[in-house]
There are 2 protein chains.
Amino acid sequence: MLKVVLLGGGNIAYHLFTAFGKLSSVNLIQCYNRNIHSIEEFGKFTQITDDINSLEKADIYIIAVTDDAIGQVSDMLPFSDNFVVHTSGNVSMYSMNAKNRRGVLYPLQTFSKEKLVDFGTLPICIEAEDEKDFNFLKAFSSELSTHVYEINSEQRKVIHLAAVFVNNFVNHLYYIGHELCEKNNVPFNILHPLIEETTHKIMDLAPKEAQTGPAKRNDQSTINAHLEQLPNKNYKEIYKLLTASIQNTYGRKKL
Amino acid sequence: MLKVVLLGGGNIAYHLFTAFGKLSSVNLIQCYNRNIHSIEEFGKFTQITDDINSLEKADIYIIAVTDDAIGQVSDMLPFSDNFVVHTSGNVSMYSMNAKNRRGVLYPLQTFSKEKLVDFGTLPICIEAEDEKDFNFLKAFSSELSTHVYEINSEQRKVIHLAAVFVNNFVNHLYYIGHELCEKNNVPFNILHPLIEETTHKIMDLAPKEAQTGPAKRNDQSTINAHLEQLPNKNYKEIYKLLTASIQNTYGRKKL
Ligand SMILES: NC(=O)c1ccc[n+]([C@@H]2O[C@H](COP(=O)([O-])OP(=O)(O)OC[C@H]3O[C@@H](n4cnc5c(N)ncnc54)[C@H](OP(=O)(O)O)[C@@H]3O)[C@@H](O)[C@H]2O)c1
Ligand SMILES: NC(=O)c1ccc[n+]([C@@H]2O[C@H](COP(=O)([O-])OP(=O)(O)OC[C@H]3O[C@@H](n4cnc5c(N)ncnc54)[C@H](OP(=O)(O)O)[C@@H]3O)[C@@H](O)[C@H]2O)c1
């Protein structure tokens, strides 16, 4: 059995803890957090500690703490030449202390404690300095998910940036759609099937092929009517900028 | 059986034709299009014509042509005081000729001929000038879908505008995410589970509650790093504007 020590007591630590509990091949021998209260419930199933100097010997140490604290926690590790990974999409592998052999295990999903996550098909992006460690990490991650990708630190940064567009910014557009509906006594859920279809479409089709709408069609009279209809300057600017960006992507056809 | 005449030979006409074929309560007695070739395949199942002066007597006439041609086609109808609806999200009911009793049957989805649509739970937005016609249209639409909404022309315009944000603009953000990935040899489908989760989240949670990310967190160092990383001015501007809009929505917390 693979021996694992988990460091951190937040969202990711919680979901990894739950996922490891289901795997017969993985033995989570210890959990550490600077604040023991956050990991108290883990104590029923494994050893817990808030003393970083009493970490057990393991095959892999997973640092699942806030991005800014990853380097610091790696500095505090009371050993060297062990295999240590972090779980961030946004932090280079090299920001961890070089006294240990370094790697990354980044589960590409948005996690919150309230919502169960099925790791089974979740993309896991892995990276390691050393080839033997990489092979170990690949086998280890494959226990968690069937979708394991070799992704270097540069690519991981790109994924994190792209995720801001397809997750954070998309959600903000949902918010604007929601506001427009609510202010006009239209139930937002009338748009749910359209939203689902928009998402499903790009599972088969490149987003470039899936584009429709007044901007793509260069339908200037609809664009003007929409701009007039929008209730504030901020929404108008977003509308204009995204419309112009779509028009630049497809070329402004002469009508 | 309800007698229906369908005018138009495009996407919507095609999908309505298919949906009516499955309903024992609806008799599609005739299809018209200015160009008979577009509706030739309908001819195996119903009468087809390109002569608007030979339209049969029906309970409802559905004008499913390009937005700009709806008024014109309604002018050409060789009868009066019949019930006539169009299928557009974007055109007022009153843009049709007042010689007939007017209404709207707007299926809120993005249609293309290649892809089958299940009308069963599709939102259908209906409106009619006359109360009796409205009740008829409600019963008629309920044969097509369990999700029929009474939506006036003003509300319909709002829905259409909101749809631009949650469908057209969202798809453009998918496109940008796709571009960023491709340019860096990252397979875009690594983001599919995140995209699906982003969509599923707002089926239970208001988009305002679902927001996450550096803009929401006011994580300025990540925002700066992302802006630096973006390959062109256009993407940078979109990033800045949407980030500012998210920050304005949640208030810039002092750190
Ligand atoms: N949430 C996601 O959707 C997601 C997805 C993929 C990857 N990640 C990555 O996973 C990592 C953890 O994220 P999370 O969402 O689990 O964060 P979180 O829920 O905010 O939890 C943060 C954890 O870091 C600990 N911590 C914070 N500052 C610390 C410090 N100075 N020293 C030691 N420990 C400290 C906290 O300890 P206390 O309990 O004592 O406060 C807490 O256990 C991050 O690198 C993040 O980028 C997150
Ligand atoms: N597609 C969607 O996702 C969707 C969703 C909801 C509502 N709608 C609405 O449904 C209606 C039809 O859209 P669609 O997607 O089916 O359009 P479409 O596929 O482009 O088909 C347009 C139809 O209109 C006819 N037409 C165009 N100009 C005409 C004119 N001057 N006189 C007579 N007929 C003319 C065309 O005839 P020819 O075959 O002779 O060219 C064709 O049959 C529009 O009001 C649209 O807003 C569309």
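Keep in mind it's a predicted model, so treat the numbers as computed, not measured. (Residues numbered from 1 in each chain as written. Chains lettered and ligands numbered in written order. Predicted model: local features only at pLDDT ≥ 70, side-chain atom pairs only at ≥ 80, totals over all residues. Heavy atoms only, no water.)

Student: Explain the overall build of chain A to me, please; I cannot follow it from the model alone.
Tutor: Of regular secondary structure, chain A possesses nine helices and eight strands. Projecting the C-alpha coordinates of chain A onto the three principal axes gives extents of approximately 70 × 40 × 30 Å. Taken across its 255 residues, chain A has 56% of its residues classed as buried. In chain A, 54% of the contacts between residues at least 6 apart in sequence involve partners at least 24 apart. About 11,300 Å² of surface is accessible on chain A, with carbon and sulfur atoms providing 47% of the total. One finds the centroid of the 25 positive side-chain charges in chain A at a distance of 8 Å from the centroid of its 29 negative side-chain charges. (Helix = DSSP H or I, 4+ residues; strand = E, 2+ residues; numbered from the N terminus. Buried < 20%, exposed > 50% of the residue type's maximum accessible area, 1.4 Å probe, protein only. Contact = heavy atoms within 4.5 Å. Areas by Shrake-Rupley, 256 points an atom, 1.4 Å probe, with all protein chains shown as cover. Lys, Arg positive; Asp, Glu negative; His and termini not counted. Charge placed at Lys NZ, Arg CZ, Asp CG, Glu CD.)

Student: Could you clarify how one ought to interpret the nonpolar core in this entry?
Tutor: One recurring pattern in soluble globular proteins: nonpolar side chains tend to sit buried together. F165(A), L173(A), L191(A), F165(B), L173(B) and L191(B) are the most contacted members of the largest nonpolar core, which totals 82 residues. Setting aside chain neighbours within four positions, we find L191(B) in contact with L108(A), I159(A), A162(A), A163(A), V166(A) and C181(B). (Core = buried A, V, L, I, M, F, W, Y, C linked by side-chain atoms within 4.5 Å.)

Student: Teacher, can you tell me more about helix 5 (residues 192–204) of chain B here?
Tutor: Residues lying three or four places apart along an α-helix face the same way, a consequence of the helix completing one turn every 3.6 residues. Residues of helix 5 of chain B that are buried: H192(B), L194(B), I195(B), E197(B), T198(B), T199(B), K201(B) and I202(B). Taken together, the buried residues of helix 5 of chain B touch helix 4 (153–183) and helix 5 (192–204) of chain A together with helix 4 (153–183) and helix 6 (207–210) of chain B.

Student: How should I be thinking about the relation of the copies chain A and chain B in this particular structure?
Tutor: Superposition of the two copies of the chain requires a rotation about an axis and a shift along the axis. The transform that puts chain A on chain B rotates by 180° and translates by 0.0 Å along the axis, for an RMSD of 0.1 Å. When the rotation and shift are considered jointly, the pair of chain copies conforms to a two-fold rotation axis. If distances are taken from each C-alpha of chain A to the rotation axis, the shortest is found for V170(A), at 2.8 Å. With an isologous cut-off of 70% or more, the 100% of interface residues of chain A that recur at the interface of chain B puts this contact in the isologous class. (Least-squares fit on C-alpha atoms with pLDDT ≥ 70 in both.)

Student: Got a minute to help me understand the sheet that holds strand 7 (residues 123–128) of chain A in this structure?
Tutor: Backbone hydrogen bonds are what pair the strands of a sheet, in a parallel or an antiparallel way. All names here are of chain A. The mixed open sheet is built from eight strands, whose spatial order is 3-2-1-4-5-6-7-8. At either end of the open sheet lies a strand with only one pairing partner, and these are strand 3 (47–49) and strand 8 (147–150). On average, each strand axis in the sheet is inclined to that of its neighbour by 25°, with strand direction left out of account. Direction of pairing for strand 1 (residues 2–7) relative to strand 2 (residues 26–32): parallel, over a ladder of six bridges. Paired with L6 across the two strands is C31, which belongs to strand 2. Packing against the sheet, helix 4 makes contact with strand 5 (83–86), strand 6 (101–107), strand 7 and strand 8, and its axis sits at approximately 25° to strand 6. (Pairing = 2+ DSSP bridges. Axes fitted to C-alpha atoms, helices over the stretch in contact; angles between N-to-C directions.)

Student: Before we go on, may I ask you to explain the site of ligand 1 in this structure?
Tutor: All names here are of chain A. As a matter of local geometry, ligand 1 sits amid 24 residues, with G9, I12, T66, D67 and F111 nearest to it. T66 places a polar main-chain atom, nitrogen or oxygen, 3.1 Å from an oxygen atom of ligand 1. With respect to ligand 1, the backbone of F111 contributes an N or O atom lying 2.8 Å from an oxygen atom. Contact with the protein chains removes 76% of the 910 Å² of surface that ligand 1 exposes when unbound. (Near = heavy atom within 4 Å. Polar contact = N/O pair within 3.5 Å; in protein donor to acceptor, adjacent residues only side chain to side chain.)

Student: Could you clarify how one ought to interpret the pairing of strand 5 of chain A in this entry?
Tutor: Remember that side chains alternate between the two faces of the sheet whenever the strand is regular. Residue and element names in this part refer to chain A. Neither face of strand 5 is open: one carries F83 and V85, the other V84 and H86, and all of them are buried. Here three bridges tie strand 4 (residues 60–63) to strand 5, and the two strands are oriented parallel to one another. Bridge pairing in strand 5 places I63 opposite H86. This β-α-β element, strand 4 to helix 2 (residues 70–76) to strand 5, shows right-handed connectivity. As paired elements, strand 5 and strand 6 share four bridges and run parallel to each other. By the bridge assignment, V85 is partnered in strand 6 with G103. (Right-handed = clockwise from strand over helix to strand, strands pointing away.)

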